[in-house]
Amino acid sequence: MTQQQPILELKNVTSAYGRIKAIREVSLKVYPGEVVSIIGANGAGKSTTLMSICGVLHPEQGEVWYDGVRIDGLASDLLPARGLCQVPEGRRIFPRLSVEENLDMGAFFRKDAAAIDHDKNRVFQLFPILQERRKQYGGTLSGGEQQMLAMGRALMSRPRLLLLDEPSLGLAPLIVQQIFRIIREINEADGVTVVLVEQNANLALKSSSRGYVLETGNVVMEDSAEALLANPDIRKAYLGE
Amino acid sequence: MTIRVSKLWFGYALAMAWFYVLLWPLLGIKADGLEFGASFAIWSKVAVASAILLGLYQLKKVGAFGFVERPAKVVGKAAGAVAARVPTWVALALVAAVAVAFPFFTERYAHDVAISVLVYIILGLGLNVVVGLAGLLDLGYIAFFGVGAYTYALLSVHFGLSFWLCLPIAGGFAAIAGCIIGYPTLRMRGDYLAIVTLGFGEIVRIVINNWMSLTNGPNGILGIKAPGIYWWNGKGFEHMLLNSLEQLYYIILALAVFTIVAVYRLNHSRIGRAFEAVREDQTAAELMGVDTLRIKLLAYALGAVFGGLAGTFFAARMKFVSPESFTFIESAMVLSMVVLGGMGSIPGVILGAVTLIALPEVFRGFELYRMFVFGGVMAGMMIFRPKGLWPAKRMGARSEERE
Amino acid sequence: MEFFLQQLVNGITLGGVYALVALGYTMVYGIIQLINFAHGEIYAAGGYMGVILISWLFAQGFPPFVCLGAALVLAMGYCALLAMAVEKLAYQPLRQSSRLSVLLSALGMSIFLQNGLMLTQGVYDRAYPTEMVQGGFELGTVMISYMQCIIVGVTALLLVALNVLVYKTRIGKAMRATAQDKTMSALVGINSSRIISLTFAIGAGLAAAAGIMVGLYYGSVRYDMGFVPGIKAFSAAVLGGIGNITGAMLGGLLIGMIEVFAAGYISSEYKDVFAFIILIAVLYFMPTGIMGENVDDTRV
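The structure reproduced in this document is the subject of the present report. What you see is a predicted model; the values in this text were computed from it and never measured.

## Quick word on the overall build of chain C
And step 1. Across its full length, chain C holds 11 helices and 4 strands.
And step 2. Here the C-alpha atoms of chain C give a radius of gyration of 19 Å, agreeing with the 19 Å that 2.2 N^0.38 yields for 300 residues.
And step 3. With the C-alpha coordinates aligned to their principal axes, the bounding extent of chain C is approximately 55 × 45 × 40 Å.
And step 4. Going through the 300 residues of chain C one by one, you find that 61% of them count as buried.
And step 5. Look at the contacts in chain C between residues 6 or more apart in sequence, and 77% of them connect residues 24 or more apart.
And step 6. With an accessible surface of roughly 10700 Å², chain C has 66% of that area assigned to carbon and sulfur atoms.
And step 7. For chain C, the distance from the average position of its 14 positive side-chain charges to the average position of its 14 negative side-chain charges is 15 Å.

This is the structure in structure tokens:
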């Protein structure tokens, strides 16, 4: 796998909010077909890393390469069409758009009506509840349904690389399991590469092949998921043992 | 580099084409046919001027002016160092001396302009309390000026009350008007306040315009008395009216100095800090125990007082008031002074008033273009120098910088 | 009764016009939380473009309806370009600045455009060639002029078209998405600058139509005609719930009715005051308006 060209690579990326540096010299690689976890405590810079990839935040230093192209100067709205898609923290569905309209927005840049319909049906297959609530405003959904909608919306763009920010946050355990099952499914069945940012390290690492550990804006560890799960420091710091 | 240069010029070409499309129909489509000359003449001037500016900007970017800029910077720094060594009181004394001596070496016309400038300085400083200190955008400020002017006009014409007595009364009325207008509006978020004060300003003008029995409507009120004083004439004290422009100049100068001192003191008082707290973060201020509604109301009333004082003087100086002096354009003018000079900065507001009133007098021939230029400058200032020509010092980091 | 019905007809006519202008305010406020003070001037520019184009087309010998239709379309396009230029120059560079800065910039643009109109068009009223559509008919005891029919018809058509655009099309959905969450809409690939520009263009087009309607209704335009109707239309937008499109339409109709009835039954001198009083009352007692979504007080 390591001989392959990485689909996403960060080279020494430093990003800041104003004068406060949120991440420092973060480097990471993601290869096609992988599920990679980024774990770390609150405020470690996980979301900042994703925002720096997606062009919401432009890095002060360093480079972001996606699919052989340097993207750190690009506006964020150009990325979905290249197959890079993010489900941000807090899901951020459009509250006063209906469920179906939310999905349509996921396919905003696409013009192929028939394929869009096909993908919508596929999303409804993955998340049948969304079909039931098709006409409802997004803001009226429950937390779990909103997470499903956010993921469904992301899938509507036919991503090749999906960035998921805290998909388990605030959800009931049963729903979390369902969400993670679907993450695995889209990875395996559709071949979507996934970067998973999680505070729930146990869960994240168990669904991943590799993981990065972020602490106060720095990458402090990088290893295969099994190794990280077995690492006593990690078990102590993030798995509550 | 070359790519960016050509992109800039491409943008320029697009903007100029766009501009012509917007300009031509206004000037070139006539009932009797289409015409291109007039619009092209204007367009070409604008195009050449902006091309030169753009070229200069690019040269500056690549450092072509280093040979001028570097020495200029050194000189500027040296001058700044010298200026910093001169104590503030010396500078102030100099300014005061010039202000006092002004009527002796100038003519009538200059007195007239100076009086206008001073009236606007008071208005600007009053509005500055509301906008600059408390951060409340007030677009109907001139209403208080009107309230002050009409208070004195009516009291003087109907009851013969003197200017000096009416000064505090008018200030009080303006403050009351400020509270009446302020109370229902101050709970609103900032930008709603702007439109409501705009509406209130219009209401005051419409009422003055239509309340014939009280205000004589659009015809205005005539026969207002000038300020009087008791003067030693050799035998005893004699009452005399200060009709001459020099005398009026000194009165308004005194009022302006009073305003400057009052606003300065206010700025550095506990209340002034409360104003700033409300401006920077209302929720935080409230949590720290600031009664935000009362503080805002106070800012509003205090601002109104200065408007009322200026209005009283205005009525006494013109000896005539009519609703026409209190239109929205006047509010906008005072606001542009505050913005141009620097919100919250006393010297800034003074500079703004001098610039906006005196400068157009120099360019008399362009009278018609005055508001046109104001509008453009106001928008431009927000983009290129949002803190004004002479920014306030004590304001610390402002919310817009942190964002 | 007859007087009442007559006023009702006049109120609907005027209210429709306010609704058109109010939509521009509400859409722009909805998407970038700015009171676009220059909107009243765009409306005035529309009124002028109307009279300029109609006079020219009429002089070329085109039939009245062709003149009206062509002038309407061209003036709407003109104002859309004008508003986009204003947005690009005066608002877009300030996207990261404080709201006070943008508001002042908008105020500056309003003064700039108003005086620009004055400089190019003169300070005096300019008469519309209203003689091209004359007459009317009586419905019971109420007199309805053909001009009023045209105004109400065009207004209704535009309102329907806007509703379709905003609620049925892909671009309309993108506009609503951008208004609700700009970061997220960028993450799904929506270019928010372009959507904002488009919002200004659509609002301006509607305002231009309103300017022409008013020119036809009152028979003349003036360089400062945008100021007071601008405030009234903004009041209408607030009354309907700022950011809400249906609300702006309703609010516009209501403000128009109130103005006409207040002028007819209470006092015509103070007719302008009523709209302001409603504005203040609504903001004080019902800040979310009749259709409004929650307006968050902490976002100032």
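And the narrative resumes.
## Details of the overall build of chain B
And step 1. When helices and strands are tallied, chain B shows 17 helices and 6 strands.
And step 2. In terms of its C-alpha atoms, chain B occupies a principal-axis envelope of roughly 80 × 65 × 50 Å.
And step 3. Across the 403 residues that make up chain B, the buried fraction comes to 46%.
And step 4. Look at the contacts in chain B between residues 6 or more apart in sequence, and 73% of them connect residues 24 or more apart.
And step 5. Carbon and sulfur atoms make up 71% of the accessible area of chain B, which totals about 20300 Å².

## With respect to the environment of Phe-173 of chain B
Residues and elements named next belong to chain B.
And step 1. Summarising the element assignment, Phe-173 is placed in helix 7 (residues 163-185).
And step 2. Along the backbone, Phe-173 and Gly-388 are 215 residues apart, and their C-alpha atoms lie at a distance of 32 Å.
And step 3. Beyond its immediate stretch of four places on either side in the chain, Phe-173 contacts Val-147 and Thr-151.

## A look at the interface of chain A and chain C
And step 1. The interface of chain A with chain C comprises 22 residues on the first partner and 18 residues on the second.
And step 2. A combined buried area of about 2000 Å² lies between chain A and chain C, and 61% of that area is made up of carbon and sulfur atoms.
And step 3. Considering only the surface of chain A that becomes buried against chain C, Asp-77, Phe-94 and Phe-108 of chain A emerge as the three largest contributors, covering 32% of it.
And step 4. Summed over the shared surface of chain A and chain C, the number is 3 salt bridges.
And step 5. The partner of Asp-104 of chain A in a salt bridge is Lys-173 of chain C, and the shortest N-O contact between them spans 3.1 Å.
And step 6. Taken together, the connections running from chain A to chain C amount to 5 residue pairs in polar contact (both at pLDDT 80 or more).
And step 7. Ranked by the residues each element gives to the side of chain A that touches chain C, the list is headed by helix 2 (residues 99-106) of chain A, at 4 residues.
And step 8. Split by residue class, the side of chain A that touches chain C holds 10 nonpolar, 3 polar and 9 charged.

## Considering the packing of aromatic side chains
Residues and elements named next belong to chain C.
And step 1. Taken as a whole, this structure holds 25 aromatic pairs over all chains when the rule is applied.
And step 2. With 5.5 Å between their ring centres and 75° between their planes, Tyr-25 and Phe-234 make a pair best called edge-to-face. Note that Tyr-25 is positioned in helix 1 (residues 2-32) and Phe-234 in helix 9 (residues 227-240), a separation of 209 residues in sequence.
And step 3. Overall, the relative accessible area of 5% leaves Tyr-25 in the buried class.

## Some remarks on the interface of chain C and chain B
And step 1. With 62 residues of chain C at the interface, the matching set in chain B holds 52 residues.
And step 2. Viewed at the interface, chain B and chain C are joined by 0 salt bridges.
And step 3. Where chain C touches chain B, the interface holds 4 residue pairs in polar contact (both at pLDDT 80 or more).
And step 4. Going through the elements one at a time, helix 2 (39-59), helix 3 (64-91), helix 4 (99-121), helix 9 and helix 11 (271-285) of chain C are the ones with two or more residues in the side of chain C that touches chain B.
And step 5. The element contributing the most residues to the side of chain C that touches chain B is helix 4 of chain C, with 18 residues.

## With respect to the sheet that holds strand 5 (residues 69-70) of chain A
Backbone-to-backbone hydrogen bonds join strands into a sheet, with any given pair of strands oriented parallel or antiparallel.
Residue and element names in this part refer to chain A.
And step 1. What the 4 strands build is an open sheet, ordered 2-1-4-5; its pairing is antiparallel. Two strands close off the open sheet at either side, each with one partner strand: strand 2 (20-30) and strand 5.
And step 2. Here strand 4 (residues 61-66) pairs with strand 5 via 2 bridges, running antiparallel. Its bridge partner lying in strand 5, Trp-65 is registered against Arg-70.

## Digging into the environment of Ala-84 of chain B
Residue and element names in this part refer to chain B.
And step 1. By the secondary structure assignment, Ala-84 is in helix 3 (residues 66-85).
And step 2. Taking relative accessible area as the criterion, Ala-84 reaches 64% and is therefore assigned exposed.
And step 3. For the pair Ala-84 and Met-378, spaced 294 residues apart in sequence, the C-alpha to C-alpha distance is 30 Å.

## Observations regarding the side chain of Glu-202 of chain B
And step 1. Topologically, Glu-202 of chain B is positioned in helix 8 (residues 190-210).
And step 2. With a relative accessible area of 4%, Glu-202 of chain B lands in the buried category.
And step 3. Beyond its immediate chain neighbours, meaning those up to four positions away, Glu-202 of chain B contacts Phe-328 of chain B together with Phe-227, Val-228, Ile-231 and Phe-276 of chain C.

## Side note on the pairing of strand 9 (residues 210-215) of chain A
Across a regular strand the side chains alternate sides, sitting on one face of the sheet and then on the other.
Residue and element names in this part refer to chain A.
And step 1. Burial of strand 9 is extensive: 5 of the 6 residues sit out of reach of the surface.
And step 2. The pairing of strand 9 with strand 10 (residues 218-224) spans 6 bridges and is antiparallel. Paired with Arg-210 across the bridge in strand 10 is Ser-224.
And step 3. The loop that links strand 9 with its antiparallel partner strand 10 comprises 2 residues; one of these, Thr-216, has a positive phi angle of about 35°.

## Things to note about the nonpolar core
And step 1. Judged by nonpolar contacts, the single largest core of 255 residues is most densely connected at Leu-8 of chain A, Leu-335 of chain B together with Phe-37 and Tyr-91 of chain C.
And step 2. A per-element tally of this core places helix 5 (residues 108-133) of chain B first, with 16 residues.
And step 3. The residues that make up this core include at least three from each of domain 1 (2-80) and domain 2 (91-402) of chain B.
And step 4. If near-sequence neighbours (up to four positions away) are discounted, Leu-8 of chain A is found in contact with Leu-28, Lys-29, Val-30, Ile-53, Val-64, Trp-65, Tyr-66 and Leu-161 of chain A.
And step 5. Among the nonpolar cores identified, the runner-up in size contains 44 residues, and Val-35, Leu-130, Leu-155 and Leu-228 of chain A belong to it.

About the thresholds
Residues numbered from 1 in each chain as written. Chains lettered and ligands numbered in written order. Predicted model: local features only at pLDDT ≥ 70, side-chain atom pairs only at ≥ 80, totals over all residues. Heavy atoms only, no water. Helix = DSSP H or I, 4+ residues; strand = E, 2+ residues; numbered from the N terminus. Rg over C-alpha atoms; globule rule 2.2 N^0.38 Å. Buried < 20%, exposed > 50% of the residue type's maximum accessible area, 1.4 Å probe, protein only. Contact = heavy atoms within 4.5 Å. Areas by Shrake-Rupley, 256 points an atom, 1.4 Å probe, with all protein chains shown as cover. Lys, Arg positive; Asp, Glu negative; His and termini not counted. Charge placed at Lys NZ, Arg CZ, Asp CG, Glu CD. Buried area = accessible area lost by both parts, 1.4 Å probe. Salt bridge = Lys/Arg side-chain N within 4 Å of Asp/Glu carboxyl O. Polar contact = N/O pair within 3.5 Å; in protein donor to acceptor, adjacent residues only side chain to side chain. Nonpolar A, V, L, I, M, F, W, Y, C, P; charged D, E, K, R; others polar. Phe/Tyr/Trp six-rings, centres within 6.5 Å; stacked < 30°, edge-to-face > 60°. Pairing = 2+ DSSP bridges. Core = buried A, V, L, I, M, F, W, Y, C linked by side-chain atoms within 4.5 Å. Domains from an automatic or database assignment.

Honestly, that's just the spatial picture; any functional story needs more than this.
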